[in-house]
Amino acid sequence: MGGGSRPSDHLRPGTLLSHSFVLHHTLRDRFVFFLDLDLAAELADEGETSFTSSSTSDYHPDDSLLSASSGITESITGSASEEESAARDNRRWCKAYFDVLRSYRNSAERAGVLRDAKDIILRHPGDWIEEVGGTTAGDYEVPEAITLLLVGPRGSGKSTLVNRITRVFDDDLSAPDRAQVSHNLSATRGTCFLQEYMIPRKSKSLCIYDTRSLATNLPHDFRLLQRWMTRGVSHGEMVIRDSDDLEMRKNIKSMRRQGLFSPCKRRIVNFVIFVVDGLSVLKSMDAMDDQYNEILFETFNYPFLSFKDNKPAVVVTHGDELSLSERALIRTCLGDLLGIPPIKQIFDIPETMNAGTSEFDTELAIVDMLRYSIEHADRNLAFNQSYLLERIFHWIMERLHGYDVILEVVIISLCIIILFLRGIANLI
């Protein structure tokens, strides 16, 4: 699949693209569906059934999504329960794909909420705390600034994402980029020191941390991630992997301009943003080589990156080099691979505009991603010490309350023993 725009990418209301789908049942291909984009054909408005925007809400998973094209039906249905199950999976996947594709078109309907959404994001930390279980906002350890950690393979576009987010909130359009971007991965080491960026520049309520890229050695990556998630992160902190050779370690230490002690404040990570390269995801599918996607799957599901049941937000980059159909395909496949909703939790944020999206679309995706991350960060804040001590005290008192009779018997028994011992002492 090549990049660039195609006539089929420009969707108008009442337009549907039909594709040929092939479902693979091996472990490697479980989440991979191939779309022959060259066979895409538009259907007339009167020929659409369950895919129109007006009837999407009435769609049921058992409805015949594939009835729009007999060719699609013949390619994935057969004669047995296994084929029926495969057909149901394909219906579900098809619906998810077309929902994602349609979401690009529907973004214009939210033009009036962008400015308000920006203001909401810049609220004070803790504004999204939900007072559940008898708690109040004062029972939580609200940080000075919400800290979001960018995590992803090398070349995924973490530094570029920092610059892209900054431009959304920056009034000075002529300001230079903040994060150093690597334009030739083979000629650079990438980010070797943790970098803190306040969003916007002079804000004190939200910061994003750019980190060193993950390698292909998962155990070493996991130890690095565990350290950040348990000990926190500090601006300018040197990052050395266990897999770095002596020359790499020496070079990184040579770039340091201060001692081992970092004077910057250490911040606890409140939520994680997982950044992936859309081109690499697509190539991994096309080349029948799942190494990149397997690394994404294992890293995304690493327990230390989750906050209770809340997994990281996912950002897909380099969409400006892909067609709109390919970008929708990538988000749908990632949603299947990672087990998360592709519209609500996977955000398509290209570096530059292409024929399929506008500057508004990108800004809206950034704002949606930040709001999702901040809301989930607030919902998973730790309790403060005073509240924990209060709850522990109540818990002890509740447990002791059930032993009142036993305590009375013990006290009476002790009194009798004391009186008995005193009586013996007097007799002696």
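Calculation notes
Residues numbered from 1 in each chain as written. Predicted model: local features only at pLDDT ≥ 70, side-chain atom pairs only at ≥ 80, totals over all residues. Heavy atoms only, no water. pLDDT = per-residue confidence, 0-100. Helix = DSSP H or I, 4+ residues; strand = E, 2+ residues; numbered from the N terminus. Contact = heavy atoms within 4.5 Å. Buried < 20%, exposed > 50% of the residue type's maximum accessible area, 1.4 Å probe, protein only. Salt bridge = Lys/Arg side-chain N within 4 Å of Asp/Glu carboxyl O. Pairing = 2+ DSSP bridges. Axes fitted to C-alpha atoms, helices over the stretch in contact; angles between N-to-C directions.

Re the confidence of the model for the protein
Residue-level pLDDT values for the protein average 76, and 73% of them are 70 or greater. Strand E1 (residues 17-18) is the least confidently modelled element of the protein, averaging 34 in pLDDT, while strand E10 (residues 271-277) averages 97, the highest of any element. Low pLDDT, under 50, characterises residues 1-77; the predicted model gives this stretch 153 contacts beyond four residues in sequence or across chains.

Brief notes about the environment of Ile 346
Note on placement: Ile 346 falls in strand E12 (residues 346-348). Given the relative accessible area of 0%, Ile 346 is considered buried. It is 7.4 Å that separates the C-alpha atoms of Ile 346 and Gly 335, two residues lying 11 residues apart in sequence. Look past the residues within four positions of Ile 346 in its chain and what remains in contact with it is Val 314, Val 316, Arg 331, Leu 334, Gly 335, Ile 340 and Pro 341.

Some thoughts on the pattern of salt bridges
Using the criterion set out here, one finds 16 salt bridges in the structure. Note that Glu 144 is salt-bridged to Lys 265, the shortest N-O span being 3.0 Å. One end of the pair, Glu 144, is in the loop between helix H3 (114-121) and strand E5 (146-151); the other, Lys 265, is in the loop between helix H6 (246-255) and strand E9 (266-267), and 121 residues separate them in sequence. Taking relative accessible area as the criterion, Lys 265 reaches 47% and is therefore assigned partly exposed. Linking Asp 170 and Arg 201 is a salt bridge whose minimum nitrogen-to-oxygen distance equals 2.6 Å.

Quick word on the sheet that holds strand E7 (residues 206-210)
If you walk across this open sheet you meet the 6 strands as E6-E7-E5-E10-E11-E12, and the pairing is mixed. Both edges of this open sheet fall to strand E6 (195-198) and E12, since each of them pairs with a single strand only. Averaged over all adjacent pairs, the angle separating strand axes in this sheet is 25°, with direction ignored. Pairing analysis gives 4 bridges linking E5 to E10, with the strands arranged parallel. Directly across from Val 151, in E10, lies its bridge partner Phe 274. Of the strands in this sheet, E10, strand E11 (313-317) and E12 are in contact with helix H9 (residues 324-338), which crosses E12 at around 160°. Of the strands in this sheet, E5, E7, E10, E11 and E12 touch helix H10 (residues 359-379), which is tilted by about 145° from E10.

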